[in-house]
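Below, each chain spelled out in residue letters.
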2 protein chains.
Amino acid sequence: MNDTDKRQIRRRFGTNSVTMADVARVAGVSAQTVSRVLREPDGCSPQTVERVREAIRSTQYVQNHAASHLASNRSMTVAAVIPQIAASIFAETLQGLSNVLLQAGYQVIIGHTDYSHEREEAVVRNLLGRRPDAFFLVGTHHTDAVRDMLVRAAIPVVESWAWTDAPIDQLVGFSNQAALAEAVAYARRRGHARPTFVGSLRAGDDRARERMDGYLAGMAQHYPGFAPRTVVADELPYTMASGRALLDIARARHPDSDLLLFSSDLLAAGALLACQRQGIAVPQALAVMGFGDYEVASELNPGLTTIAVPTVRMGEEAARILVRRLRNETPDTRTLDLGFELVARGSA
Amino acid sequence: MNDTDKRQIRRRFGTNSVTMADVARVAGVSAQTVSRVLREPDGCSPQTVERVREAIRSTQYVQNHAASHLASNRSMTVAAVIPQIAASIFAETLQGLSNVLLQAGYQVIIGHTDYSHEREEAVVRNLLGRRPDAFFLVGTHHTDAVRDMLVRAAIPVVESWAWTDAPIDQLVGFSNQAALAEAVAYARRRGHARPTFVGSLRAGDDRARERMDGYLAGMAQHYPGFAPRTVVADELPYTMASGRALLDIARARHPDSDLLLFSSDLLAAGALLACQRQGIAVPQALAVMGFGDYEVASELNPGLTTIAVPTVRMGEEAARILVRRLRNETPDTRTLDLGFELVARGSA
DNA sequence: CTGTTAGCGCATTCAG
DNA sequence: CTGAATGCGCTAACAG
């Protein structure tokens, strides 16, 4: 009998996979009951629950998410927009986000912009087609179209990795500007005479730009009368090799600079390792600072002085905020500043 | 008039977002026509296409993917299962996969297993609920349940990052075993007397285990009569800090070893930098080899001798195979060996 | 080239 | 505690 049931399963046009109705037939209940057992087993009699679960097992039923989404108007997904998947630093944030969200039953769907606002627009539009229940974004600078789409979607939105007084909705981040101002203050305290900001500023990377602004502001404050120096490429990838290239440019352009403030640890690490090869003593001949506190920073010799940012926690806190919103619990404060921390090591 | 149209949009129960019917009303056509314009504009009159596109713009319509999926029985998504999102090496594969797939109109949905077969099972089940049109997996070792689910799903599957004679469906990879055997052969040629394999072998990381097997096989062949040496932790994360820790253990256990073969560049890099700190001359006092050819390998001093694997290409080729299958084009060969390459630098 | 009809598989009412 | 009816937004099949 049971075997017959199993075999009767599957028919019809597109799908030949097991449906809820199939499970219901095997369990001898209605489809609604199966649905209930799946979503709120407490409201069903224990025997029914067991019968249905057994039927699910024997039929190898896997719920169709698209159908569930369409019927309930909840996709149980959260969209996350990051600049690059392969950038480990955002992967950490994603991991924090995903961990907390999975606990609450939400899946994360990822889109990446390659540091382009134009691509961000396409990505957001695309992700909206999947009707996520909430949005997570890296960055606070977006095109009007993006802001508009997000506002019209009328779902919770959390921006991150930066700071602004006018977030689209909620914000979990820190001030890149303040971070670099702090780095400059540290440089002053340590007695560095001529700090230069070095970075790659890709068109859509507003966070790197904010860091440069922070450098400029810091210089104005702590090095009055000294003309700030910046060595900036606008299309180098964020790799150690770029750091090496930027080091050469910076040395050529400002040979008397005694400190290079890089916009990212990856660049700084590449520069520091290149210094090692070229016999440039760090920090005696040239000091180096980075940004991000990547793992490599603590392993280098000398250790890389850098600014640590709460990569994982940003994801986690954003997720917590979103889950609370999605459960209609009382909203938190609109913005959450997680700060940063200067980590002094040997390189500066 | 147009304004009135816009305002009449939205009503009903769950959704208050613009639907295809809304667009149709504004454009003065049927919903079906809107659908057609979206999917095969070539089969519609240019004026209709323009009218519909204008209506889409004015209403800010974004297609509901779940509904489309349900009706067409194609989700236009490909599921990708990787050990860790934050592991940059898999992120590269993902990037290759995603780039090619996006071109063809497919979205990638990601699941991560944290190197656990148990978690892989849950992840695969979960992803199957979204009815992906195809599956991409890192690794060739899976539980029976996973294989079973995937076979029953009756969709194209590509496994990667390893080699097997019995793939679930298709395979794009290389032999980890052969790679380490080659490393051992290189060690022999270079005159290293006592190579030790050092790695972290997390429970579900069969690729690392295969590398160790390759080391053992290589030793049997190239170092006959010499007892192979392995220093293996089973729960250390794949980080530079772990490499440092493993270096200490290896030095304590096999002080006379003149070459350490690490299961990953990250470990090797951590060890090499630790050697630098401890004043151990590389490669004179101790040679080091890694695996993966991470970016850091070429920046270290000395450069890290390692095995390069086609991280990005594996994703790209897998995607091409999947796209061809999904278009019902003639299937390729079942397996594709992308090989590996020993990159000799200064460390060994 | 375009419109009509009929579901896709599930969850939300509402009755019992 | 369980079942029946209804529709989510879209597309496949058919006409015309």
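Source: prediction; values computed, not measured.

(A) Broad picture of the sheet that holds strand β9 (residues 287-289) of chain B. All names here are of chain B. The parallel open sheet is built from four strands, whose spatial order is β7-β6-β8-β9. Only two strands of the sheet have a single neighbouring strand rather than two, namely β7 (229-233) and β9. Taken pair by pair, the neighbouring strands of this sheet meet at an average axis angle of 20°, ignoring direction. As paired elements, strand β8 (residues 259-262) and β9 share three bridges and run parallel to each other. Among the inter-strand pairings, Leu259 is bridged to a residue of β9, identified as Ala287. Most of the contacts of helix α9 (residues 176-189) go to β8, to which it runs at about 165°, and overall it touches β6 (195-200), β8 and β9.

(B) Molecular detail of the protein's contact with DNA strand D. As a structural note, the neighbourhood of DNA strand D is formed by 25 residues, with Thr33 and Thr48 of chain A together with Met20, Gln32 and Tyr61 of chain B the closest of them. Counting only atoms of DNA strand D within 4 Å of the protein, the sugar-phosphate share comes to 64%. A distance of 2.4 Å separates a phosphate oxygen of DNA strand D from a polar atom in the side chain of Thr48 of chain A. Note that a phosphate oxygen of DNA strand D is positioned 2.6 Å from one of the side-chain N or O atoms of Ser35 of chain B.

(C) Examining unusual backbone geometry more closely. Residues and elements named next belong to chain A. Note that the residue after Val282, namely Pro283, is joined by a cis bond; omega there is 5°. Here Pro283 lies in the loop between α12 (265-278) and β9 (287-289). Omega for the bond connecting Asn301 with Pro302 falls within 30 degrees of zero, at -5°, which places this linkage in the cis form. Tracing the backbone shows Pro302 in the loop between α13 (295-299) and β10 (306-308). Phi is positive for Asp114, which is not a glycine, with a value near 50°. Within the secondary structure, Asp114 is located in the loop between β2 (107-112) and α7 (117-128). Owing to a relative accessible area of 27%, Asp114 belongs among the partly exposed residues under this scheme. The phi dihedral of Asp293 falls on the positive side, at around 55°, and the residue is not glycine. Relative to the helices and strands, Asp293 resides in the loop between β9 and α13.

Rules behind the numbers
Residues numbered from 1 in each chain as written. Chains lettered and ligands numbered in written order. Predicted model: local features only at pLDDT ≥ 70, side-chain atom pairs only at ≥ 80, totals over all residues. Heavy atoms only, no water. Pairing = 2+ DSSP bridges. Helix = DSSP H or I, 4+ residues; strand = E, 2+ residues; numbered from the N terminus. Axes fitted to C-alpha atoms, helices over the stretch in contact; angles between N-to-C directions. Contact = heavy atoms within 4.5 Å. Near = heavy atom within 4 Å. Polar contact = N/O pair within 3.5 Å; in protein donor to acceptor, adjacent residues only side chain to side chain. Buried < 20%, exposed > 50% of the residue type's maximum accessible area, 1.4 Å probe, protein only.

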